[in-house]
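# Coordinate inspection notes
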Amino acid sequence: MSLTTALNMASTPVFYSRGGQGGAVPFSIADLFASSEQGAWYDPSDLSTLFQDSASTTPVTTAGQPVGLMLDKSKELVLGPELITNGKFETNLDGWDVIAPCTMARVGSTLEVSRNSGGFSDQPVIEIDLVEGHSYIISADMVSIEGSSNTDAILSVRGADRVTSRSEAAGLIRSTVGPTRGLYRSTVTETAYLLAGVSGTSFGTVRIDNISVRELFGNHAMQATAARRLTYQTGPARATLDNVDDRFLVTVPTGGFTGTMVLATDQGTASYGVNIPAGPYDIGGRSGQYFPGSSIVGQLIRDGALSAGDAAATEAYFVANGATAGYGSVTDFSGYWREWSEITSFPLIDTSSGTRFDRAWQNCTSLTSFPANAFDNVSGGDFTDAFTDTALTQTSIDNILVSLVASGISAGTRLFDQSGGSAPSAGTGQPAIDTLRSRGWTVTVTGGY
Amino acid sequence: MRLTIACPDALRDDANNLAMVLGYGPSDAETYGELNWQDAGGNLYACASLTVSDTFTTAAQSGLQRPAWDNDNIIDMDAARRAQAALVFSLTPVAAMPDKLTACVGDDGLATLAAMGLTQVEVEVDVGV
């Protein structure tokens with residue numbers, strides 16, 4: 001059974017259309033990953049993908065709850081093969097190992113573990129092969145729990161030495177019988193152990209059955225630190241950030257993502273060219289702080305650039321879910337994309353209400369491409385450190401300067417800073433600087449003109 | 001309700017142990033990370049902002065017990081108790097103090113930090129962990 005079924009996730013819907021020759025072409029976001037493209041698709045409007053904790057034990061059901069896990073739908077939440085070689089105990093306990101004085105026995109096709117002394121890691125373990133950054137669904141049926149009032153049953157991931165705890169939180173601890181299930185993201189590639197037994201702070205005897213570990217394909221965004229979790233809100237459905245410390249983390253697989261990111265927030269929606277290296281990556285603000293909005297309504301990242309039509313259709317899907325279409329209402333862009341070093345190209349967005357752009361693209365160290373006409377209609381001229389530490393091409397810095405001239409701003413704050421990348425051209429950029437200075441602007445650019 | 005907490009550098013380790021006791025697992029040891037806020041005197045703080053239940057403040061001021069998940073005795077309970085002793089709760093913003101763990105109630109984390117007299121420090125931020 002796939003987890004898609006288990007989670008009651010809605011079947012992949014068809015939305016909108018790409019403009020195409022001969023009429024509209026049906027569009028589904030899932031199609032963007034149909035040829036095994038790498039990436040991620042986060043959709044807070046789909047409650048079946050949100051959990052309050054990073055281990056996926058408590059679903060998000062209502063507004064105001066924390067979001068510790070946001071599942072990636074790009075792989076359609078498919079489960080991999082079973083990794084536990086003997087989790088049903090139908091004929092024997094092969095594969096399981098226990099160290100005295102802890103004991104194990106097969107009782108009625110369940111695993112019975114008794115621990116009344118001995119170390120926690122002496123309890124029954126079985127080998128599992130885990131891959132760094134991959135996520136796994138661990139599940140079992142807790143059949144009986146006997147002992148003192150505080151005796152708990154537990155499933156816990158241990159390292160290759162059997163002793164080192166690998167579980168991100170508590171493992172799966174249950175004080176009552178019944179099915180249990182949680183998500184675990186491996187931090188190392190190793191032959192590890194799954195431990196089944198009695199929780200470390202108590203003694204007793206437990207019976208466990210149907211122990212299972214299966215990979216949940218996808219690049220799931222999680223936050224194990226409680227204070228850094230986002231908050232689910234409705235009207236529209238979204239994961240809100242406090243812009244203090246909230247953020248998800250995802251582990252980008254080997255090879256990274258070079259392609260397109262569509263980010264839909266409460267303040268605007270846009271598609272960016274990105275180059276995201278393998279390793280940990282923030283979903284949400286940089287260190288929880290710099291983000292173009294205050295909530296995620298939808299986000300898609302694909303390794304391999306989207307066509308303009310696919311990007312537009314994806315944006316339309318997120319906007320239909322409640323994202324704001326443009327940035328036309330934003331007045332203060334201060335620090336919006338600051339430190340987003342993965343952005344390589346920036347789209348043309350509506351900046352017409354913007355009065356402050358200070359540090360907006362500061363330290364976007366990979367940003368090379370910036371469109372023409374981006375600031376033609378802005379409402380203010382504070383571009384302090386707006387483009388410091390960027391990698392703009394000559395065409396891009398020329399685009400920016402010419403657009404500032406077109407804005408006609410000749411009063412109020414008039415500051416512009418660029419460093420890194422290319423200097424403005426003599427034929428286009430430098431004359432634009434001359435015009436800006438004649439209007440009272442203080443302009444600092446690469447090359448010192 | 002939303003609680004926003006300012007933790008001075010000297011209390012970070014202790015406060016992260018307290019966060020594990022009141023939280024859910026070892027990852028709560030990362031509650032107070034970068035020192036990217038400062039007061040008027042230049043004292044640096046790591047800040048956290050989170051929604052808590054009504055019982056949280058009571059639990060945070062009650063006797064501390066090692067949580068059931070801590071099978072490996074990760075938490076330094078003495079450190080957690082030191083942080084608890086330094087804890088100051090307020091239903092309205094008060095100035096952050098360099099020798100206290102100052103926790104204030106307020107709907108907007110950023111606005112609460114501003115009302116606590118804290119401003120962002122210009123530092124390079126980490127991407128990811």
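The structure under discussion appears in the preceding block.
The residue numbering used here restarts from 1 in each chain and proceeds along that chain's sequence as written. Each chain gets a letter, beginning with A, and each ligand a number, beginning with 1, in the order they are written. In keeping with the model being predicted, local features are shown solely for residues with a pLDDT of at least 70 and side-chain atom pairs are shown and tallied solely at 80 or more, while totals for entire chains, interfaces and linings include all residues. Excluding hydrogens and water, the side-chain values take into account all heavy atoms of the structure.

## A few points about the overall build of chain B
To keep things clear, this is the line we draw: Here a helix means four or more residues in a row that DSSP labels H or I, a strand means two or more in a row labelled E, and each is numbered from the N terminus. With the radius of gyration taken over C-alpha atoms, the globule rule is written as 2.2 Å times the number of residues to the power 0.38. Throughout this description, buried means an accessible area under 20% of the type-specific maximum (1.4 Å probe, protein chains only), exposed means over 50%, and partly exposed covers the range between. Note on definitions: a residue-residue contact is assigned when non-hydrogen atoms from the two residues lie within 4.5 Å. In short, Shrake-Rupley with a 1.4 Å probe defines the accessible areas, and a residue's cover is counted only from the protein chains shown.
Helices and strands together make up the secondary structure of chain B, namely four helices and six strands. Each helix and strand of chain B, placed in order from N terminus to C terminus, yields the pattern β-α-β-β-α-α-β-β-α-β. The C-alpha atoms of chain B give 14 Å as radius of gyration, which agrees with the globular expectation for 129 residues (14 Å, within 12%). The proportion of buried residues among the 129 residues of chain B is 51%. Across chain B, the fraction of contacts at a sequence separation of at least 24, relative to all contacts at a separation of at least 6, is 63%. Looking at chain B as shown, the accessible area adds up to about 5800 Å², and 51% of this sits on carbon and sulfur atoms.

## Details of the pattern of salt bridges
All names here are of chain A. To keep it simple, the criterion reads: Salt bridges are defined by distance alone: a side-chain nitrogen of Lys or Arg within 4 Å of a carboxyl oxygen of Asp or Glu.
Taken as a whole and assessed by the stated rule, the structure comprises 15 salt bridges over all chains. Between Asp 43 and Lys 73 there is a salt bridge, with its nearest N and O atoms 3.1 Å apart. Residue Asp 43 is located in the loop between β3 (39–42) and β4 (50–51), and its partner Lys 73 is located in the loop between β6 (69–70) and β7 (79–82); the two are separated by 30 residues in the primary sequence. On the accessibility criterion, Lys 73 (6% relative accessible area) is buried. For the salt bridge of Arg 207 with Glu 112, the shortest nitrogen-to-oxygen distance reads 2.9 Å. With Arg 207 in strand β17 (residues 204–216) and Glu 112 in strand β10 (residues 110–115), this pair connects stretches of sequence that are 95 residues apart. Under the relative-accessibility criterion, Arg 207 is labelled partly exposed at 30%. Shared partners join several salt bridges into a network, and the residues in it are Asp 43, Asp 46 and Lys 73.

## Observations regarding the packing of aromatic side chains
Residue and element names in this part refer to chain A. As a reminder of what qualifies: Only rings of Phe, Tyr and Trp enter the pairing, Trp through its six-membered ring, and a pair is recorded when the two centres are within 6.5 Å. The plane angle decides the type: under 30 degrees is stacked, over 60 is edge-to-face, the rest tilted. In this analysis the charged atom, NZ for Lys or CZ for Arg, is taken to sit over a ring once it is within 6 Å of the ring centre and within 35 degrees of the ring normal.
Evaluation of the coordinates by the stated rule reveals 29 aromatic pairs over all chains. Relative to Trp 337, the ring of Tyr 336 has its centre 5.4 Å away and its plane inclined at 70 degrees; by these criteria the two rings are edge-to-face. Take Tyr 336 and Trp 337: they sit in the same class, and that class is buried. Here Lys 73 stacks its cationic end above the ring of Trp 41, 4.6 Å away from the centre of that ring. Arg 286 extends its terminal NZ or CZ atom over the ring of Trp 340, reaching a point 4.3 Å from the ring centre.

## Overview of the packing of helix α3 (residues 394–407) of chain A against helix α4 (residues 429–438) of chain A
Residue and element names in this part refer to chain A. Where we set the bar: What counts as an axis is a line fitted to C-alpha atoms, over the stretch in contact for a helix, and the angles between N-to-C directions run from 0 to 180 degrees. In this scheme the crossing of two helices becomes right-handed for a clockwise turn of the near helix relative to the far one and left-handed for an anticlockwise turn of less than a right angle. Throughout this entry, Asp, Glu, Lys and Arg are counted as charged residues, while Ala, Val, Leu, Ile, Met, Phe, Trp, Tyr, Cys and Pro are counted as nonpolar. The remaining residues, Gly among them, count as polar.
Between α3 and α4, the least distance of the axes is 9 Å, while the angle of their chain directions is 30 degrees. When you trace α3 past α4, the crossing you get is left-handed. Side by side, α3 and α4 meet where Asp 398, Leu 401, Val 402, Leu 404 and Val 405 of the first sit next to Gly 429, Ala 432, Ile 433, Thr 435 and Leu 436 of the second. Its residues placed into classes, the contact of α3 with α4 shows seven nonpolar, two polar and one charged.

## Brief notes about the sheet that holds strand β5 (residues 101–105) of chain B
Residues and elements named next belong to chain B. What counts, and what does not: A pair of strands is treated as paired once DSSP finds two or more bridges between them.
Taking strand neighbours across the sheet as the criterion, the six strands line up as β4-β5-β1-β3-β2-β6 in an open arrangement whose pairing is mixed. Each edge of the open sheet is held by one strand with a lone partner, namely β4 (87–90) and β6 (119–120). Pairing geometry for strand β1 (residues 2–8) and strand β3 (residues 44–51), over seven bridges, is antiparallel. Following the sheet pairing, Ile 5 is matched in β3 by Ala 48. Here helix α1 (residues 12–22) sits on the sheet and contacts β1, β3 and β5; the angle it forms with β1, its principal contact strand, is near 145 degrees.

## Looking at the interface of chain B and chain A
To keep it simple, the criterion reads: Using a 1.4 Å probe, buried area is obtained as the accessible area two parts lose upon being combined, added over both of them. Think of a polar contact as two N or O atoms within 3.5 Å of one another; within protein, one of them needs to be a possible hydrogen donor and the other a possible acceptor, and neighboring residues in sequence only count if both atoms come from side chains.
At the interface, 32 residues of chain B touch 39 residues of chain A. The contact between chain B and chain A buries some 2800 Å² in all, and 47% of this surface belongs to carbon and sulfur atoms. Inspection of the region where chain B meets chain A yields two salt bridges. In this structure, the salt-bridge partner of Arg 247 of chain A is Glu 34 of chain B, at a minimum N-O distance of 3.9 Å. Our count for the chain B to chain A interface comes out at six residue pairs in polar contact (both at pLDDT 80 or more). At the level of secondary structure, the elements contributing two or more residues to the side of chain B that touches chain A comprise β3 and α4 (109–115) of chain B. Looking at the side of chain B that touches chain A element by element, the count peaks at five residues for β3 of chain B. Partitioning the side of chain B that touches chain A into residue classes produces 13 nonpolar, 11 polar and eight charged.

## A few points about the environment of Gln 299 of chain A
Residues and elements named next belong to chain A. If you trace the backbone, Gln 299 turns up in strand β25 (residues 295–303). Judged by relative accessible area, Gln 299 falls into the buried class, the value being 1%. It is 22 Å that separates the C-alpha atoms of Gln 299 and Ala 227, two residues lying 72 residues apart in sequence. Apart from the residues within four sequence positions on either side, Gln 299 is in contact with Ala 40, Trp 41, Tyr 42, Met 261, Val 262, Leu 263, Ile 283 and Phe 318.

## A few points about the sheet that holds strand β8 (residues 96–97) of chain A
Residue and element names in this part refer to chain A. Taken together, the five strands give an open sheet; going across it, the order is β8-β11-β16-β13-β14, and neighbouring strands pair in antiparallel fashion. The outermost strands of the open sheet, each flanked by one partner alone, are β8 and β14 (172–174). Looking at chain direction, strand β13 (residues 153–158) and β14 are connected through three bridges and run antiparallel. Bridged to Leu 155 within β14 is Leu 172.

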